[in-house]
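Descriptive analysis of the structure
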Amino acid sequence: MSKFIITFRTHFRAICSSSSPFLTTLTSAMATEINAEDISSSTIDPLSVPSAEEINNNGSSTVIDDVVESLKKTEAEEFGFQRPEMFSLNISNTVDPYHRHMFLVYKNVENWEPIIEKADKDSLPGFLAAALKSHAEKTTIKTRMTICEGPYGTESSDGDVFLFPEMVKYRGLTSNDADKFVEDVLVNGKDWVSGTVERLEGSYVFVCSHGSRDKRCGVCGPELIEKFKEEIESRGMKDQVFVGPCSHVGGHKYAGNLIIFSCNSTGEVTGHWYGYATPEDVPAMLDQHIGKGDVIEKLWRGQMLAFPTEDSQKVAEEKLLENGGTAFANGTILEKGEKEESQASAEGGDMVKDAGSCCQGPNGVSCCKDGNVEDTTNVKKAAEGVKTSCQERLSAWMNGEFEQNEVYAGLAVVSAVATIAVAYSIYRSLS
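Residues numbered from 1 in each chain as written. Predicted model: local features only at pLDDT ≥ 70, side-chain atom pairs only at ≥ 80, totals over all residues. Heavy atoms only, no water.

**Structural notes on the overall build of the protein chain**
Each helix and strand in the protein chain was counted, giving 14 helices and 14 strands. Here the protein chain holds 431 residues, and the buried ones make up 36% of them. Residue pairs at least 24 apart in sequence account for 67% of intrachain contacts in the protein chain once pairs closer than 6 positions are excluded. Counting only carbon and sulfur atoms, one obtains 50% of the accessible surface of the protein chain, whose full area is about 24400 Å². (Helix = DSSP H or I, 4+ residues; strand = E, 2+ residues; numbered from the N terminus. Buried < 20%, exposed > 50% of the residue type's maximum accessible area, 1.4 Å probe, protein only. Contact = heavy atoms within 4.5 Å. Areas by Shrake-Rupley, 256 points an atom, 1.4 Å probe, with all protein chains shown as cover.)

**Looking at the pattern of salt bridges**
Per the counting criterion, the structure on display carries twelve salt bridges. K180 is the partner of D184 in a salt bridge, and the nearest nitrogen-oxygen pair spans 3.6 Å. Pair noted here: D184 and K180 are both in helix α8 (residues 178-187), with a separation of four residues, about one helical turn. For D184, a relative accessible area of 10% gives the class buried. With a shortest N-O distance of 2.9 Å, D287 and R235 are connected by a salt bridge. Of this pair, D287 sits in helix α10 (residues 282-292) while R235 sits in the loop between α9 (215-234) and β7 (241-246), and the two are 52 residues apart along the sequence. (Salt bridge = Lys/Arg side-chain N within 4 Å of Asp/Glu carboxyl O.)

**Observations regarding α8**
The element α8 is extensively covered by neighbouring structure, given that seven of its ten residues are classed as buried. Within the sequence span of α8, burial applies to A178, F181, V182, D184, V185, L186 and V187. Of the surrounding elements, those touching the buried residues of α8 are β1 (100-105), α7 (124-134), β2 (143-148), β3 (161-164) and β4 (168-170). G189 sits one or two positions beyond α8 and adopts a positive phi of about 70°.

**Remarks on the side chain of H252**
Structurally, H252 is set in the loop between β7 and β8 (258-263). H252 gets classed as buried once you look at its relative accessible area, which sits at 16%. For H252, the residues in contact, after removing those within four places along its chain, are R83, R213, D214, R216, C217 and N257.

**Some details on the packing of α7 against α8**
For any two helices packed against each other, one specifies the crossing angle of their axes together with the interaxial distance. Across the interface, α7 lies against α8 with an axial gap of 8 Å and an inter-helix angle of 45°. Judged by the inter-axis angle, α7 sits oblique to α8. The handedness of the crossing between α7 and α8 comes out as right-handed. Between α7 and α8, the contacting residues are F127, L128, A131, L132 and S134 on the first element and A178, D179, F181, V182 and L186 on the second. Its residues placed into classes, the contact of α7 with α8 shows eight nonpolar, one polar and one charged. (Axes fitted to C-alpha atoms, helices over the stretch in contact; angles between N-to-C directions. Parallel < 35°, antiparallel > 145°, perpendicular 65-115°, else oblique. Left-handed = near helix turned anticlockwise from the far one by under 90°. Nonpolar A, V, L, I, M, F, W, Y, C, P; charged D, E, K, R; others polar.)

Remember, this is a structural readout, not a statement about activity or role.
See below:
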């Protein structure tokens, strides 16, 4: 409505100094200069417009105030919570599947273009969106990017990234960092060494307020945010719940749209979407959803999914490797106690178990065990002992603790034992 306000003020001055009838002039001015786009693109509160007394001091303040109030009411009825389409659709499961949500702090609502990342491809949102697209095939984790202002109650600036469900904030991302950030952090799960990383605590609420994209979100979003602020402060939750505006998330017709990221009863971080939310629903959002972990079903649109199974397996493998276990390409994870035995089996060739619990090795050599096969435990233990000794000595050599001739001697012993073991194995298979 900013264009409308400017136009209205200009014509009001003319009206106040004109000898023509007031109503006729006002009607003519609005008909010729004001269109629906002007009225619906408001970023200024109509109540902040100076009264007629301030404009021309002619005692017509009541007129302009009445007109502004009427326009405000019309806007609310057409685009706000009283619009006819409210609650007319089933909104359950209206969220496209995704596993991670990334919010980029960038400028503020008043400066957001309808499609921010496309408006300026050389901006940080443009570079980050391009990086996500170029690396999308490298991971099964689908990441959604949304622009936001820094949530109320947090210290944030342009370039900060909020990541859920990881519950971390990366500070000061730049256009030059975008591709590397996506590849290292989002695709490969590495630590980000080029900037500050902060752990997030509490619950985060992002409300779609992208007025340049859709009027409904531009009208409903700010009202919801103000109500959240009031209720958060009255409950003493300023250090527990953080709320802020975000860009388009999809489903303008379901405005007010918001997403709540918080921990459920099992400690898992969830991202639940709500639509058709009104200021009257805010207390329940805080008390029921955030306070108790109970979803408000009548407003529920869907939720962020858990990471895919294969990626969860990968994470588990990496964690185990860090603790000294081992992992194989087929996803099998072995604890420390199973590690050496499995490695020894792998070194002997690919073994496939059959129905009789026997295994067939390469070249038809059988390794089936029964009561008539001589126990080779001692041979195995000897070989493992030599193997351990070799590893220790080789490590010592690399650390400069042994002379080179000592290592050569050790390797010769290992080769001799290995030759005997192979010969013995062949002898047993032929007998």
